[in-house]
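What follows is the residue order along each chain.
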Amino acid sequence: MTHSARVHPPEDLLWDYHRGRLSPGMRLTVRTHTDLCPQCRSELRLFDAIGGALLEDVEGVAMSDNALDLALARIERPEEPESSATVTHPGFLDGFDLPESLKAADIPGRYWVAPGVWMAPVRFDEDSRGTKTYLMFVKKGMVMPEHTHRGREITLMLKGTFNDQNGSYGRGDFVLCDETIQHSPAVSADEDCLCLVAQEGLILPKTWLGKLLQPFARI
Amino acid sequence: MTFDHISVIGFAGPGMDTDTTPLRDPTPDSTPERLIARIAESRDRDAYALLFTRFAPKLKAFVMGQGLSAQEAEDLAQDAMLNVWRKAHLFDPAKATAVTWIYSIARNLRIDAARKAKRVRDLPDDLWQGEGEKPADQEMIDHQSAQSISVLIGALPPDQQTVLKMSFYEDLSHGDIAKALSLPLGTVKSRLRLALARLKTGLSAPGGRA
Ligand SMILES: [Zn+2]
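A short tour of the structure in this document, coming up. (Residues numbered from 1 in each chain as written. Chains lettered and ligands numbered in written order. Predicted model: local features only at pLDDT ≥ 70, side-chain atom pairs only at ≥ 80, totals over all residues. Heavy atoms only, no water.)

1. Considering the overall build of chain B
Phase 1 of the analysis: When helices and strands are counted, chain B shows nine helices and zero strands.
Phase 2 of the analysis: In chain B, the succession of helices and strands from N to C terminus is α-α-α-α-α-α-α-α-α.
Phase 3 of the analysis: In chain B, buried positions account for 48% of the 210 residues.
Phase 4 of the analysis: Sequence separation of 24 or more characterises 62% of the internal contacts of chain B that already satisfy a separation of 6 or more.
Phase 5 of the analysis: As presented, chain B carries roughly 9,700 Å² of accessible surface, and 57% of it is formed by carbon and sulfur atoms. (Helix = DSSP H or I, 4+ residues; strand = E, 2+ residues; numbered from the N terminus. Buried < 20%, exposed > 50% of the residue type's maximum accessible area, 1.4 Å probe, protein only. Contact = heavy atoms within 4.5 Å. Areas by Shrake-Rupley, 256 points an atom, 1.4 Å probe, with all protein chains shown as cover.)

2. Description of the interface of chain A and chain B
Phase 1 of the analysis: Facing the 58 residues of chain A at the interface are 71 residues of chain B.
Phase 2 of the analysis: Note on chain A versus chain B: buried area summed over both sides is about 6,000 Å², and carbon and sulfur give 58% of it.
Phase 3 of the analysis: The largest contributions to the chain A side of the interface with chain B come from R45, L55 and M63 of chain A, which together make up 13% of the buried area.
Phase 4 of the analysis: At the boundary of chain A and chain B, one finds ten salt bridges.
Phase 5 of the analysis: Across the salt bridge formed by K200 of chain B and E43 of chain A, the nearest N and O atoms sit 2.7 Å from each other.
Phase 6 of the analysis: Between chain A and chain B we count 20 residue pairs in polar contact (both at pLDDT 80 or more) in total.
Phase 7 of the analysis: Secondary-structure elements contributing two or more residues to the side of chain A that touches chain B are α1 (11-18), α2 (24-36), α3 (38-57), α4 (67-74) and α5 (100-103) of chain A.
Phase 8 of the analysis: The biggest single contributor to the side of chain A that touches chain B is α3 of chain A, with 18 residues. (Buried area = accessible area lost by both parts, 1.4 Å probe. Salt bridge = Lys/Arg side-chain N within 4 Å of Asp/Glu carboxyl O. Polar contact = N/O pair within 3.5 Å; in protein donor to acceptor, adjacent residues only side chain to side chain.)

3. Focus: the coordination of the zinc ion
All names here are of chain A.
Phase 1 of the analysis: Protein-derived coordination of the zinc ion comes from H8 (ND1), H33 (NE2), C37 (SG) and C40 (SG), at a distance range of 2.0 to 2.3 Å.
Phase 2 of the analysis: With four donor atoms in place around the zinc ion and angles of 100 to 118° between them, the coordination shape is tetrahedral.
Phase 3 of the analysis: Between consecutive donors of the zinc ion, the numbers of intervening residues give the motif H-x24-H-x3-C-x2-C. Within this pair, whereas H8 is found in the segment before α1, its partner C40 is found in helix α3, the two being separated by 32 residues in sequence.
Phase 4 of the analysis: Since its relative accessible area comes to 22%, H8 is described here as partly exposed. (Donors = N, O, S within 2.8 Å, 3.2 Å for Na, K, Ca; no water. Tetrahedral: all angles 85-135°; square planar, octahedral: opposite > 155°, others 65-115°.)

4. Here's the deal with the packing of aromatic side chains
Phase 1 of the analysis: Applying the stated criterion across every chain, the model contains 13 aromatic pairs over all chains.
Phase 2 of the analysis: Both rings, one in W15 of chain A and one in F168 of chain B, keep their centres 4.8 Å apart while their planes meet at 65°; by these two values the pair is edge-to-face. Residue W15 of chain A is located in helix α1, and its partner F168 of chain B is located in helix α7 (residues 158-169); the two belong to separate chains. Considered together, W15 of chain A and F168 of chain B belong to a single accessibility category, that of buried residues.
Phase 3 of the analysis: Both rings, one in Y48 of chain B and one in W85 of chain B, keep their centres 5.3 Å apart while their planes meet at 70°; by these two values the pair is edge-to-face. A residue pair is termed long-range when its members are at least 10 positions apart, and Y48 of chain B in helix α3 (residues 45-65) and W85 of chain B in helix α4 (residues 70-87) qualify at 37 residues.
Phase 4 of the analysis: Chaining the aromatic ring pairs together yields one cluster made of W15 and F47 of chain A together with F62, Y103, F168 and Y169 of chain B.
Phase 5 of the analysis: For the cation-ring pair, R43 of chain B lies above W85 of chain B, with the distance from its terminal atom to the ring centre recorded as 4.3 Å. (Phe/Tyr/Trp six-rings, centres within 6.5 Å; stacked < 30°, edge-to-face > 60°. Lys NZ or Arg CZ within 6 Å of the ring centre and 35° of its normal.)

5. Points about the pairing of strand β1 (residues 111-114) of chain A
Residues and elements named next belong to chain A.
Phase 1 of the analysis: With three bridges connecting them, β1 and strand β2 (residues 117-121) associate as antiparallel partners. Considered in β2, the bridge of W112 is made with W118.
Phase 2 of the analysis: Linking β1 to β2, which pair antiparallel, is a turn of two residues; within it G116 sits at a positive phi near 85°. (Pairing = 2+ DSSP bridges.)

6. Some points on the pattern of salt bridges
Phase 1 of the analysis: Under the counting rule described, the total for this entry stands at 23 salt bridges over all chains.
Phase 2 of the analysis: Here E76 of chain A and R45 of chain B are joined by a salt bridge, their closest N and O atoms 2.4 Å apart. Here E76 of chain A is found in the loop between α4 and α5, whereas its partner R45 of chain B is found in helix α3 on a different chain.
Phase 3 of the analysis: You can call E76 of chain A partly exposed: its relative accessible area is 47%.
Phase 4 of the analysis: Under the relative-accessibility criterion, R45 of chain B is labelled partly exposed at 37%.
Phase 5 of the analysis: What you see here is one network of salt bridges that share partners, running through D16, R19 and R21 of chain A together with R110 and D171 of chain B.

7. Overview of the pairing of strand β3 (residues 131-138) of chain A
All names here are of chain A.
Phase 1 of the analysis: The buried fraction of β3 is high, at eight of eight residues.
Phase 2 of the analysis: Because side chains alternate across β3, one face comprises the buried residues T131, T133, L135 and F137, and the other comprises K132, Y134, M136 and V138, equally buried.
Phase 3 of the analysis: Note that β2 and β3 share five bridges and pair antiparallel. Pairing of P121 across the sheet is with Y134, part of β3.
Phase 4 of the analysis: Direction of pairing for β3 relative to strand β10 (residues 193-200): antiparallel, over a ladder of eight bridges. Pairing of L135 across the sheet is with L196, part of β10.

Dropping the structure here:
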């Protein structure tokens, strides 16, 4: 892994990830980023280390009288086998170097939204209304006209690069867009692009992206 | 890049323990790290009882502070300690102190419970166990002791301590803290940022400058 992510989740998002308060889609983007980013993993470890130190400092609250007996009884019981989740992992994802978080994700299928562009929704076991999460593949050299966003949108780069007015983004980069960002991202001409997207707020019709994405007119 | 100043920044051996809590005589065989190792090596029930007695009440208190009822907190403490028993072989004292590992187990359980996930579970967020060395994980905070962090936290300016402790003890978002303290969000964020930066600096500095 030579490339290290340069663009990281904002600190409040990382904190909300630590305490488990993100929607499933947002959580998956942060988890995927941390799979690819030693710096943010280290930040999360610091959170755990602080939590541990604060736990150590806490004055205990007495457990009920039979708590220790119960605990000693429970360790004698056989461990119920971990329910090994059956996860759909379709063939079209073969050949991509996916982080662990996405290997474990439930991704039943994909649909094409334009020539050279497909989307593959991520399915969650819990309520994920309000956020739409999908892998998006874009053939090299595509560009989107200038647009803005409604609600928060995260693009987590997995393969390839894209550029906009604000910079260039590659594997692991965590790109957060909202209403305040207006841009026209262009996928690198040299390499296809795969990213994980989580959109909060407005759910756009399937055809929207296909209409927006155009082959990049090379100059 | 290997990491070889463990002994400098932490892991004050049991003999150097300045902890004033009335724990059992911290002989080498009853440090929490050692107790977990005894469970891993020989399913040592005495070790488990000691560990349980020491940490279950703290876990209960910790999550009650975060808003769980006494019963929920008691159940979570039980489940967390059961996981300590079952996963003891995964504990790696070179990566984390026992209390940090226990905290992370409880945190994951708490998150799972909140999600009420029935069928598919997320990959556990096991930052401390299992995974082979990822090449760039040479960061210092893999190895520090809870004690040195505790000292560093105590040395933070009161404003920073307050927001840090509220974050953990009350399980609050940055926005919640801003509201609770009637502070601008930016102020909360910058205090936390400063606090984290100081802890990182303190942990990476030889001698753990506090
Ligand atoms: Zn990062």
